[in-house]
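So the chains spell out like this:
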Amino acid sequence: MIRFLLLGILRDRSRSLFPLIVIIVGVALTVILQTWLSGMLDNMIQSSANFMTGHSKITTRAYAAEAQQMPNDLALLGADSLIAAAAGEFPEMIWTPRIRFGGLLDLPDSSGETRAQGPVFGTAVDLFNPASPEPKLLNLEQALVRGRLPQFPGEILISEDFSRKLGIEPGDTATLLSVTMYGSMAWYNFTIAGTIRFGVVAMDRGAMIADIHDIRKALDMEDAAGEILGFFRDFQYNQTRAGEIAADFNRHYSDPDDEFSPLMKTLREQNNLASLIDVLSWALGGIITIFLLVMFIVLWNAGLMGSLRRYGEIGVRLAIGEDRGHLYRSMLYESVILGILGSLLGTALGLAVSYYLQHQGIDIGSLIKNSSMMFSSVLRARITPLSYIIGFLPGVLATVLGTAVSGIGIYKRQTSQLFKELET
Amino acid sequence: MQNSILISTNNLTKRFPMGEDAVVALDQVNLQFRKGEFAGLVGPSGSGKTTLLNIIGSLDVPSEGEVLVLGEAIEKIGHKAAARLRNRHIGFIFQTFNLLPVYTAFENVEFPLLLQRIPESQRKKAVWESLEWVGLTDKAKSRPSQLSGGQSQRVAIARAMVKRPSIMLADEPTANLDAQNSHNILQIMERLNRELQTTFIFSTHDEKVIQYLRRKITLDDGRVASDETFTTERAGS
Ligand SMILES: Nc1ncnc2c1ncn2[C@@H]1O[C@H](COP(=O)(O)OP(=O)(O)OP(=O)(O)O)[C@@H](O)[C@H]1O
Ligand SMILES: [Mg+2]
């Protein structure tokens, strides 16, 4: 009998091929949507990690409390030895110092008078150390628009938009006006090496990237760092492990009574990211659920139509003396076989597309030029364990349910009625 | 046994709901059929022929009255028992849409035996025998779409007879066939009737079929208008 079922499926194209294609497409779309949305969430987390929070961040307790103000008077002292200690204790992470600062960038003309001036939000990172992860984290090579990356002390990058606004060209010199760690005025001259665009709007407004050694000099912060960012070596954020490391670190180094003692926070614990990530996860879950429902209805209907089309066959089989229950079950088996086969193929197809998206990405930079989203403009999918099974939900369940519901007609109608419907 | 009654209806009435009213398709029908009969229901369109065949074949149930088929009371029969009755003892042949299009002629004939879980070797033998009866062994591997109308009806006969039913119900089996094919399948059925004592009940408008009948029941508006039996052999043989 099973052989008979399989023969039927294999030989009847309209019975198998059309529903199979619908299932494959539906399942593949489900998988792609899921990986794509996870990729988006991932992307957001990664942008946030690379530009702002790290996977973990060490600051003083006081700095952490006012992190938004960039309070460099509360920076960590003895940063280098702290980094060495953290690296020794948690070798799975890379640690790198940063100083975030605000100020005015002043552009003098040939006679030394101010030609243009604008507020900058600066980030000082370790640019020249070959072991530094920063050029990669900030994606500097890809972000460069004009000029070149800094190669010598005193060279900086500024955002392309900002440079256009002030009329700055690579090669120009500019003066940073800011405040030292100890509260006095600071001047420092820089050469503009190049301009950058990150594709992250928040970073592109008035950004300035400088080498941390220069800024330490400029702001009188020798061996100090506003923040020490930690990144897992595989650059994948792992909340559980990050939490363990932070707890471990804080137990050893942090003293609640000393506001200058260091404190480690995970990505989630910073900038209200926890609630943002949670809200987004919920939203993504919602989108996926709605999509699943839609796929469910589509596949349900495909199952329904498949059965309705077969009243003739059903009538003949009943007349031959097949029991209704037997007939009903055989239709269900058929839909299970189709559902599983379609889900397997659809999942494979969806994963293949997702794999491509995960490794190549699609640059939609030109589409979101004016958006203020906090993620990078290259869309990437991310395959998670869920991706392997999510398609089976609509693929198998909806197909079988659609058949099950339409098959109830077999029970409800008088057998002779099935014949009547056949004749028309 | 020769003349035992296989089917009897007692005041059989069938109504179909039609909006507020009901159509009376069969009205107080009292009929008996004996083993080995070759009988036909004739009458104008809408007179209730198909309805009567469906009820005898347990595809439908009476609204009133009793119907006894091989000892089973159709008015009380459950789905499972009805399916078993059809599967073991009743063969159907319809005007159209007889065969399952995805299966070959052989597989179509095999299907009822699969339902009975008959072992393969026995099954194969019975299928070949049936195909031989209708002269279609060479078309065993053909699909219904590759068969002519007459060949399809012969496969339908082979499938109906493969389980050696005691009753064959044929609803206008020749309606779509030309004269040659009609005579051909009627002769096959007549032979079945003669050699295997299978009881046949037809519904038909077709004069060619009527020639072969040994009993002609005329229905009119759901009632039995006449019931004639011909003792002498008539056409064909
Ligand atoms: N399922 C049904 N629902 C409603 N009315 C029905 C149904 N089946 C049959 N009828 C009605 O019952 C009556 C008898 O129909 P039946 O099909 O038995 O006639 P018939 O003698 O077989 O006609 P024909 O020669 O056209 O096949 C008709 O009036 C028909 O409209
Ligand atoms: Mg009819």
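Residues numbered from 1 in each chain as written. Chains lettered and ligands numbered in written order. Predicted model: local features only at pLDDT ≥ 70, side-chain atom pairs only at ≥ 80, totals over all residues. Heavy atoms only, no water.

**Describing the nonpolar core**
Item 1. Within the largest apolar cluster, 48 residues are counted, with the highest numbers of intra-cluster contacts made by Ile58, Trp95, Ile228, Met264 and Leu267 of chain A.
Item 2. Every element with two or more residues in this core is listed here: helix H2 (13–53), helix H4 (79–89), strand E3 (93–108), strand E11 (227–232), helix H10 (239–253), helix H11 (273–308) and helix H13 (324–359) of chain A.
Item 3. In terms of residue count, the dominant contributor to this core is H2 of chain A (12 residues).
Item 4. If you count residues domain by domain, this core takes at least three from each of domain 1 (2–47 + 275–423) and domain 2 (56–236) of chain A.
Item 5. With residues near it in sequence (within four places) discarded, Ile58 of chain A still touches Leu76, Leu82, Ala86, Trp95, Gly226, Glu227, Ile228, Phe249, Pro262, Leu263 and Met264 of chain A.
Item 6. In this structure, Ile118, Trp133, Ala160 and Phe200 of chain B belong to the second largest nonpolar core, which totals 38 residues. (Core = buried A, V, L, I, M, F, W, Y, C linked by side-chain atoms within 4.5 Å. Buried < 20%, exposed > 50% of the residue type's maximum accessible area, 1.4 Å probe, protein only. Helix = DSSP H or I, 4+ residues; strand = E, 2+ residues; numbered from the N terminus. Domains from an automatic or database assignment. Contact = heavy atoms within 4.5 Å.)

**Focus: the site of ligand 1**
All names here are of chain B.
Item 1. In the neighbourhood of ligand 1, 15 residues make up the surrounding shell, with Ser45, Gly46, Lys49, Thr50 and Thr51 lying closest.
Item 2. One nitrogen or oxygen atom from the main chain of Gly46 is found 2.8 Å from an oxygen atom belonging to ligand 1.
Item 3. Contact distances for ligand 1 include 3.0 Å between an oxygen atom and a backbone N or O atom of Gly48.
Item 4. For ligand 1, whose free accessible area comes to 630 Å², the fraction covered by protein is 74%. (Near = heavy atom within 4 Å. Polar contact = N/O pair within 3.5 Å; in protein donor to acceptor, adjacent residues only side chain to side chain. Areas by Shrake-Rupley, 256 points an atom, 1.4 Å probe, with all protein chains shown as cover.)

**Points about the packing of helix H3 (residues 105–115) of chain B against helix H4 (residues 120–133) of chain B**
All names here are of chain B.
Item 1. Here H3 crosses H4 at 130°, and the two axes come no closer than 9 Å. Viewed along their axes, H3 and H4 adopt a mutual orientation that is oblique. Between H3 and H4 the crossing geometry is right-handed. Residues Phe106, Val109, Glu110, Leu113 and Leu114 of H3 touch H4, and the partners they reach there are Arg123, Lys124, Ala126, Val127, Trp128, Ser130 and Leu131.
Item 2. Here the residues of the contact of H3 with H4 sort into 8 nonpolar, 1 polar and 3 charged. (Axes fitted to C-alpha atoms, helices over the stretch in contact; angles between N-to-C directions. Parallel < 35°, antiparallel > 145°, perpendicular 65-115°, else oblique. Left-handed = near helix turned anticlockwise from the far one by under 90°. Nonpolar A, V, L, I, M, F, W, Y, C, P; charged D, E, K, R; others polar.)

**Comments concerning the sheet that holds strand E1 (residues 5–18) of chain B**
Residues and elements named next belong to chain B.
Item 1. One open sheet holds the 4 strands; their spatial order is E2-E1-E4-E5, and the pairing between them is antiparallel. Single-partner strands in this sheet number two, and they are strand E2 (21–34) and strand E5 (72–73).
Item 2. Relative to E2, E1 is paired through 10 bridges, and the arrangement is antiparallel. Its bridge partner lying in E2, Leu12 is registered against Val29. (Pairing = 2+ DSSP bridges.)

**Some points on the confidence of the model for chain A**
Item 1. Of the residues in chain A, 90% have a pLDDT of 70 or more, and the chain-wide mean is 84.
Item 2. Contacts for the low-pLDDT stretch residues 368–375 of chain A, under 50 throughout, to residues beyond four places or in other chains number 15 contacts. (pLDDT = per-residue confidence, 0-100.)

**A look at the sheet that holds strand E6 (residues 90–93) of chain B**
All names here are of chain B.
Item 1. If you trace the 6 strands from one edge of the open sheet to the other, you get E6-E7-E8-E3-E9-E10, paired in mixed fashion. Edge positions in the sheet fall to E6 and strand E10 (223–229), since each has one partner strand and no second. Adjacent strand axes in the sheet meet at a mean angle of 15° when their direction is disregarded.
Item 2. Looking at chain direction, strand E3 (residues 38–42) and strand E9 (residues 215–220) are connected through 4 bridges and run parallel.

**Points about the interface of chain B and chain A**
Item 1. With 26 residues of chain B in contact, the opposing surface of chain A contributes 26 residues.
Item 2. Interface area lost by chain B to chain A is led by Leu59, Val102 and Tyr103 of chain B, which between them contribute 21%.
Item 3. For the interface between chain B and chain A, the tally reads 1 salt bridge.
Item 4. Close ionic contact of Asp323 of chain A with Lys80 of chain B constitutes a salt bridge, the shortest N to O distance being 3.2 Å.
Item 5. The tally of links between chain B and chain A comes to 5 residue pairs in polar contact (both at pLDDT 80 or more).
Item 6. Those elements giving two or more residues to the side of chain B that touches chain A turn out to be helix H2 (79–89) and H3 of chain B.
Item 7. By residue class, the composition of the side of chain B that touches chain A is 13 nonpolar, 5 polar and 8 charged. (Buried area = accessible area lost by both parts, 1.4 Å probe. Salt bridge = Lys/Arg side-chain N within 4 Å of Asp/Glu carboxyl O.)

**Focus: the environment of Arg143 of chain B**
Item 1. Secondary-structure assignment places Arg143 of chain B in the loop between H4 and helix H5 (149–161).
Item 2. Note on Arg143 of chain B: relative accessible area 25%, which makes it partly exposed.
Item 3. Here the alpha-carbon distance between Arg143 of chain B and Asp60 of chain B, two residues 83 residues apart in the chain, equals 30 Å.
Item 4. Not counting residues within four places of it along the chain, the set of residues in contact with Arg143 of chain B comprises Arg11 of chain A together with Pro101, Val102, Tyr103 and Thr104 of chain B.
Item 5. Separated by 3.4 Å, the side chain of Arg143 of chain B and the backbone oxygen of Pro101 of chain B make a polar contact.

**A few points about empty space enclosed by the protein**
Item 1. Under the counting rule described, the total for this entry stands at 4 cavities of 30 Å³ or more.
Item 2. Space inside the second largest cavity adds up to approximately 60 Å³.
Item 3. Lining of the second largest cavity is provided by Ala319 and Ile320 of chain A together with Ile90, Gly91, Phe92, Arg159, Ala160 and Lys163 of chain B.
Item 4. Listing elements by their share of the lining of the second largest cavity, those giving two or more residues are helix H12 (311–320) of chain A together with E6 and H5 of chain B.
Item 5. If you tally residues by element for the lining of the second largest cavity, the top one is E6 of chain B, at 3 residues. (1 Å grid on protein atoms, 1.4 Å probe; cavity = no way out; pocket = protein on both sides within 12 Å on 5 of 7 lines; lining within 4 Å. Points joined across faces, edges and corners; volume = space filled by probe spheres on them.)

**Section: the pattern of salt bridges**
Item 1. A complete count under the given rule lists 28 salt bridges over all chains for this structure.
Item 2. Put simply, Arg115 of chain A and Asp172 of chain A hold a salt bridge, and the shortest N to O gap is 3.6 Å. Here Arg115 of chain A, found in strand E4 (residues 114–125), pairs with Asp172 of chain A, found in the loop between helix H7 (160–166) and strand E7 (173–179); they are 57 residues apart in sequence, far enough to count as distant.
Item 3. Since its relative accessible area comes to 43%, Arg115 of chain A is described here as partly exposed.
Item 4. Between Asp206 of chain B and Lys208 of chain B there is a salt bridge whose closest N-O contact spans 3.3 Å.
Item 5. By relative accessible area, which is 14% here, Asp206 of chain B ends up buried.
Item 6. On the accessibility criterion, Lys208 of chain B (21% relative accessible area) is partly exposed.
Item 7. Bridged by salt links that share partners, the residues Arg146, Glu160, Arg164 and Glu169 of chain A form one connected network.

**Description of the side chain of Arg215 of chain B**
Item 1. The topology assignment puts Arg215 of chain B in strand E9.
Item 2. Here the side chain of Arg215 of chain B touches Asp227 of chain B through a polar contact of 2.9 Å, side chain to side chain.

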